[in-house]
Amino acid sequence: MNVILVEPADFVDARRVRLTDRRLTHVRKVHRAAVGDTLRVGQVDGALGRGRVVRLDREALELELELDEPPPPALDVTLVVALPRPPSMRKVLQQGTAMGVKRFVFVHCARTEKSYWTASALEPDAIRRDLLLGLEQARDTALPRVAFERRLAEFLAGRYEALARESLVLVAHPDAASPCPRAPTTPVTLVVGPEGGFIPSELERLERAGGRRVTLGPRILRVETATVALLARLSPS
Ligand code: SAM
């Protein structure tokens, strides 16, 4: 936890928060903080800054806040991922968020297991927890938005077409002829396939609608590993 994130419900007055959950435990057990110490704090979807510890015991942590810094710049990448198995999805959410992604779209593909759509990891509270873990890791405050598209045809005719008009669409595929570009200066939509790969007709449809196939080389990486490696390529250097 590289920043303690606070939300409106934590405020006991204009500048003071009281925390009684895992943030209290973390500050006591990991930071081993004491009254008078200053910790990095941010408000979800707000500013970053500092919090001075004014109370710390088994029941509560109270901080006096001074939040006056902007969060780090976002990565201008919309991350579209074929819905993977729940543990991979959680890693994509946490690590993508830590790398600055603010828009995730999970889509259904031919090789997506139907059962993944009913996983508890897709519940709004579970998603929010994973996004917060990513923000805490990266010392960021801006909560990403997450969308789901259960019909590929509708996604291609709707949101994907709009994204192709507004951004450079890169379809990650190990066998592509072109390498993934480094630090492009335009907004990017990055499409990552399922563990079993896209079927040929999906690749064709993604290309026909404006996507360009790109590769990281011949090694076949797991969804979450490929996602992080691709985002690193796309990040400003
Ligand atoms: N057998 C599948 C194939 O050949 O497409 C492997 C799929 S891989 C486990 C899952 C997804 O990660 C791929 O669809 C692709 O989007 C991405 N990926 C994995 N390795 C990659 C690489 N070397 N270059 C580009 N994308 C990669």
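Overview of the structure. Just so you know, these numbers come straight off a predicted model, no measurement behind them.

Cut-offs applied
Residues numbered from 1 in each chain as written. Predicted model: local features only at pLDDT ≥ 70, side-chain atom pairs only at ≥ 80, totals over all residues. Heavy atoms only, no water. 1 Å grid on protein atoms, 1.4 Å probe; cavity = no way out; pocket = protein on both sides within 12 Å on 5 of 7 lines; lining within 4 Å. Points joined across faces, edges and corners; volume = space filled by probe spheres on them. Helix = DSSP H or I, 4+ residues; strand = E, 2+ residues; numbered from the N terminus. Nonpolar A, V, L, I, M, F, W, Y, C, P; charged D, E, K, R; others polar. Pairing = 2+ DSSP bridges. Axes fitted to C-alpha atoms, helices over the stretch in contact; angles between N-to-C directions. Contact = heavy atoms within 4.5 Å. Near = heavy atom within 4 Å. Polar contact = N/O pair within 3.5 Å; in protein donor to acceptor, adjacent residues only side chain to side chain. Sits in = over half its atoms within 2 Å of the grid points. Disulfide = S-S within 2.5 Å. Buried < 20%, exposed > 50% of the residue type's maximum accessible area, 1.4 Å probe, protein only. Phe/Tyr/Trp six-rings, centres within 6.5 Å; stacked < 30°, edge-to-face > 60°.

What about the layout of surface pockets?
Quantified by volume, the largest pocket comes out at close to 380 Å³. If you trace the largest pocket, you find 22 residues lining it, with A172, H173, P174, I220 and L221 closest to the centre. Ranked by residue count, the leading element in the lining of the largest pocket is helix α7 (residues 223-234), at three residues. The class makeup of the residues in the lining of the largest pocket is 12 nonpolar, six polar and four charged. For the second largest pocket, the full set of lining residues is L5, E7, D21, R22, R23, V44, D125, R128, R129, L132, L133 and E136. Here the lining of the second largest pocket is composed, by residue class, of four nonpolar, no polar and eight charged.

A closer look at the sheet that holds strand β8 (residues 101-107)
Overall, parallel pairing links the six strands, which are arranged β9-β8-β7-β11-β10-β12 in an open sheet. Each edge of the sheet is formed by a strand with only one pairing partner; in this case those strands are β9 (145-149) and β12 (211-214). Strand after strand, the sheet turns through a mean of 25° between neighbouring axes, direction not considered. The pairing of β8 with β9 spans five bridges and is classified as parallel. The residue bridging V105 from the neighbouring strand is A147, located in β9. Helix-sheet contacts for helix α6 (residues 200-208) involve β10 (168-172), β11 (188-192) and β12, and the interaxial angle to β12 is about 125°.

A look at the site of the ligand
Residues in close proximity to the ligand total 18 residues, the closest being A172, G193, L216, G217 and R219. The separation between a nitrogen atom of the ligand and a polar main-chain atom of L216 is 3.0 Å. A molecule is said to occupy a pocket when more than half its atoms come within 2 Å of that pocket's grid points, and by this definition the ligand occupies the largest pocket.

Some words on the state of the cysteines
Under the criterion given, the structure shown has zero disulfides. Free cysteine C109: the closest other cysteine sulfur is in C180, separated by 18 Å. According to the relative accessible area criterion, C180 is buried, its value standing at 3%.

Overview of the packing of aromatic side chains
By the definition in use, this model includes four aromatic pairs. Ring centres of W117 and F148 lie 6.1 Å apart, and the angle between their planes is 75°; this geometry places the pair in the edge-to-face category. Here the residue W117 occupies a position in the loop between β8 and α3 (124-138), and F148 occupies one in strand β9, the gap between them amounting to 31 residues. A relative accessible area of 8% places W117 in the buried class. For F148, a relative accessible area of 29% translates into the label partly exposed. Each ring, one from F155 and one from Y160, has its centre 5.5 Å from the other, and the planes form 55°; the classification is tilted. Judged by its relative accessible area of 1%, F155 is buried. Through pairs of rings, three or more aromatic residues link up here, namely F104, F106, W117 and F148.

By themselves, these are just geometric observations and shouldn't be taken as functional.
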